[in-house]
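Notes for the structure review
In case you want the letters, here they are:
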Amino acid sequence: MMPQFPIRSWPLRRSCAALAVLLSVCGSYAAAQTYPSRAIRLVVAYPAGGPSDIVGRAVGQRVGEILGTSMVVENRAGAGGNVGFESVAKAAPDGYTLLLGAGAMTIAPSIYPKLGYDVVRDLAPISMVAVSTFVLMVHPAVPAKSVNDLIGIARSRPGILNVGSAGLGSPPHLAAELFQTMAKAKIVHLPYKGATPALISLLGGETDLYFGGISSAVPHVKSGRLRGIAVTSKKRASALPNLPTIDESGLRGFDISTWFGLMAPMGTSADIIGRVNAATVKAVARPEMRDALLALGFEPESSTPEQFGNHVKSELKKFAEIVKASGAKFE
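In this text, all values refer to a predicted model and were calculated from it rather than measured experimentally. (Residues numbered from 1 in each chain as written. Predicted model: local features only at pLDDT ≥ 70, side-chain atom pairs only at ≥ 80, totals over all residues. Heavy atoms only, no water.)

**Here's the deal with the side chain of Ser303**
- Among the secondary structure elements, Ser303 is positioned in the loop between strand S10 (299–300) and helix H12 (305–326).
- Take Ser303: its relative accessible area is 9%, and that puts it in the buried class.
- Setting aside chain neighbours within four positions, we find Ser303 in contact with Ile126, Ser127, Met128, Asn277, Val281 and Phe308. (Helix = DSSP H or I, 4+ residues; strand = E, 2+ residues; numbered from the N terminus. Buried < 20%, exposed > 50% of the residue type's maximum accessible area, 1.4 Å probe, protein only. Contact = heavy atoms within 4.5 Å.)

Okay, here's the thing in structure tokens:
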């Protein structure tokens, strides 16, 4: 009978495991080196024609050109943007599905009781693309020409003024809630089903004031159909340079703006993230891209992935505090 010797298979198993890891790394490296080899899908989580769609198509075209491929925009609207956000969070992390992220995704976790994705855990930041402010506007019938005038009216007659919004938990709603809290004034909130109905209600005099996106506010403020009072960002807007900020008008620390930026499913290789980041930074710096964004009321702004990620975390914290104070929730 042959003598029995223990078979020491663990070194072989360990070598096989190491080889598998090495092959995986080499495969990922090879894929990254040839990236992109086909068209890239850019998901915009809102309908065509809106601010996200406008920014997404502008940046997608130029980033695609720099990468040497086409970037095809796919509008996947629904549930305040969450349908599109979740679809990318669950997509394959191969660099061929990207997301035009927007500021609403840092509000959603505080508004919706259940989300199918986690902004920080499931989405990898690539670069900021642009930021946009909101404009505090009043109907001409309201006798207020400044933030102090508006606060004076609201304090002297609590509840006499009403403010429209694009819906419960939308940035315009939270801007109004923050304004009330900081001004120590009572204003009645009237939610509408979207930004367009809210703006129409202000134009028609159904509401007294509204925090509208600057891209849609500019023509009405310049024509005099609505009176611009101030912008909500910490800096004045290039599109309406004569309007002061709410911060400089007396409510120190007031700062609400929205951002747009490219993101990828978490797990996308650092090399691919780096390539798309470099292309995005280059695209945003192009004069024609900057001019196009500025003309629409957007401020061009690129970043490193780390800077973008830190901004997202900061916004999540800020809006959680505002939402808690407002009591806004979807049950």
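**Brief notes about the nonpolar core**
- Core analysis: the biggest nonpolar cluster contains 33 residues, and Leu136, Leu150, Leu161, Phe179, Leu209, Phe211 and Ile246 have the highest contact counts within it.
- Taken together, the elements giving at least two residues each to this core come down to strand S4 (123–138), helix H6 (147–156), helix H7 (171–183), strand S7 (209–213), strand S8 (227–231) and H12.
- If near-sequence neighbours (up to four positions away) are discounted, Leu136 is found in contact with Leu150, Phe179, Leu209, Tyr210, Phe211, Arg227, Gly228, Ile229, Ala230 and Ile246.
- Formed by 31 residues, the second largest nonpolar core is a distinct cluster that contains Tyr35, Leu100, Phe260 and Ala279. (Core = buried A, V, L, I, M, F, W, Y, C linked by side-chain atoms within 4.5 Å.)

**Side note on the environment of Gly274**
- Of note, Gly274 is situated in helix H10 (residues 270–285).
- Of the residues examined, Gly274 reaches a relative accessible area of 36% and is grouped as partly exposed.
- Along the sequence, Gly274 and Ile126 sit 148 residues apart, while their C-alpha atoms lie 7.6 Å from each other.

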